[in-house]
Structure formats: C-alpha cells, structure tokens
Amino acid sequence: MTRFMFPRQVRLLNAGDYQSVFNDTSSKVFAGEFLLLARKQDSQARLGLIVSKKTDKRAVGRNRIKRVVRDSFRHHQDVLNGLDIIFLARQGIKDVDNPELHKRLEKAWKQLAKKAQKPNSGQKQRNSSQK
C-alpha cells in the first residue's frame with residue numbers, strides 16, 4: 001500500500017527542479033490535451049504538475065485534473081523509474097472525463113517509458129557534429 005503514496009520524494013518541489021526538466025528534456029509525449037516532458041536522472045520517478053487557469057477557470061476542475069494525474073502516476077511509478085516528469089495541461093482537458101483521462105495517461109506513461117529507455121541517438125549526433 002505504501003508504494004502507491006505520493007510523498008515529497010516523488011514530487012518536483014521547487015522552480016529549480018522544474019527548470020532542469022525544461023532545460024534538459026530527453027523525452028516528450030504529446031497526447032492532445034496534455035504534454036509530458038521528461039528528463040533522465042538517477043533516483044526514483046518524480047512528478048511535477050502544471051495546470052493553469054487557462055485550462056480551467058474553476059479550482060475544482062484544476063484540482064480534479066491534478067488528482068487524476070497523481071493517482072495514475074502512483075500506479076505507474078515503477079515503470080517510470082529514473083525520470084523527472086512534468087505534466088503540462090493543455091486547452092480542452094477540462095472536457096475529458098476521469099476514466100478517459102486515466103486511459104490516455106496510461107498510454108502516455110507507457111510511451112514515455114519506452115522513449116526513455118532508448119539511447120538518445122539525436123544527442124550523440126549533435127555532439128559528434130560539434131567536435
């Protein structure tokens with residue numbers, strides 16, 4: 001039961017954590033109403049949420065989205081090990097109901113884990129061309 005909790009160790013807590021993911025993104029998954037950005041790191045998976053007032057003006061709606069994302073993340077933490085992830089809500093996410101959002105997130109987590117396991121060949125090409 002404790003592995004499905006959401007303690008401080010699995011959250012991006014400060015601006016520096018978020019900025020490091022934005023600056024050093026290794027994988028992206030765009031799923032229509034949301035975007036997942038990820039950066040490889042050595043510890044357990046961590047999640048940061050960005051759900052602005054533009055996506056839903058009501059706090060109840062924004063909190064619903066965050067609650068569903070946190071719940072889905074807790075159940076897929078073991079697959080996402082070694083990643084810092086930012087969930088970025090986009091326009092239209094407030095119209096997606098909870099079961100559909102869970103389904104889309106499950107697919108997105110799997111895509112992100114698959115992309116993160118691949119060696120970053122684009123990075124190697126850029127580094128070799130700069131030499």
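Residues numbered from 1 in each chain as written. Predicted model: local features only at pLDDT ≥ 70, side-chain atom pairs only at ≥ 80, totals over all residues. Heavy atoms only, no water.

(A) Quick look at helix α1 (residues 15-23). Buried residues of α1: Asp17, Tyr18 and Val21, and no others. Down the axis of α1, the buried set is contained in an arc of 95 degrees. They therefore lie on one face. Opposite the buried face of α1, at more than 90 degrees from it, the exposed residues are Ala15 and Asn23. Buried residues along α1 sit against β2 (34-40), β3 (46-50) and β4 (83-89). (Buried < 20%, exposed > 50% of the residue type's maximum accessible area, 1.4 Å probe, protein only. Helix = DSSP H or I, 4+ residues; strand = E, 2+ residues; numbered from the N terminus. Arc of directions from axis to C-beta. Contact = heavy atoms within 4.5 Å.)

(B) Quick look at the environment of alanine 38. Structurally, alanine 38 is set in strand β2. Through-space distance from the C-alpha of alanine 38 to that of alanine 113 is 9.5 Å; in sequence the pair is 75 residues apart. Sequence-distant contacts of alanine 38, defined by excluding residues within four places in its chain, comprise Val21, Asp24, Thr25, Ser26, Ser27, Leu83, Asp84, Ile85 and Leu112.

(C) How the structure looks around the pattern of salt bridges. Using the criterion set out here, one finds 8 salt bridges in the structure. Across the pair aspartate 84 and arginine 46 runs a salt bridge whose closest N-O atoms are separated by 2.9 Å. Of the two residues, aspartate 84 is situated in strand β4 and arginine 46 in strand β3; the sequence distance between them amounts to 38 residues. The same class applies to aspartate 84 and to arginine 46, which are both buried. A salt bridge links lysine 110 to glutamate 106; its shortest N-O distance comes to 3.4 Å. One end of the pair, lysine 110, and the other, glutamate 106, are both in helix α3 (residues 98-117), 4 residues apart, so they sit about a helical turn from each other. Using a relative accessible area of 34% as the deciding quantity, one classes glutamate 106 as partly exposed. Here the residues in one salt-bridge network are Asp17, Arg39, Arg46 and Asp84, joined through shared partners. (Salt bridge = Lys/Arg side-chain N within 4 Å of Asp/Glu carboxyl O.)

(D) Highlighting the pairing of β3. In terms of burial, β3 is a largely internal element, 4 of the 5 residues being buried. The parallel pair β3 and β4, bridged by helix α2 (residues 59-76), forms a crossover whose chirality is left-handed. (Right-handed = clockwise from strand over helix to strand, strands pointing away.)

(E) Inspection of the side chain of aspartate 56 at higher detail. On the secondary structure map, aspartate 56 appears in the loop between β3 and α2. Buried and unpaired, aspartate 56 has no salt bridge, with lysine 94 as the nearest side chain of opposite charge at 4.7 Å. Side-chain polar atoms of aspartate 56 contact the backbone nitrogen of arginine 58, separated by 3.3 Å. Contact partners of aspartate 56, with chain neighbours within four places excluded, come to Gly61, Arg62 and Lys94. (Lys, Arg positive; Asp, Glu negative; His and termini not counted. Polar contact = N/O pair within 3.5 Å; in protein donor to acceptor, adjacent residues only side chain to side chain.)

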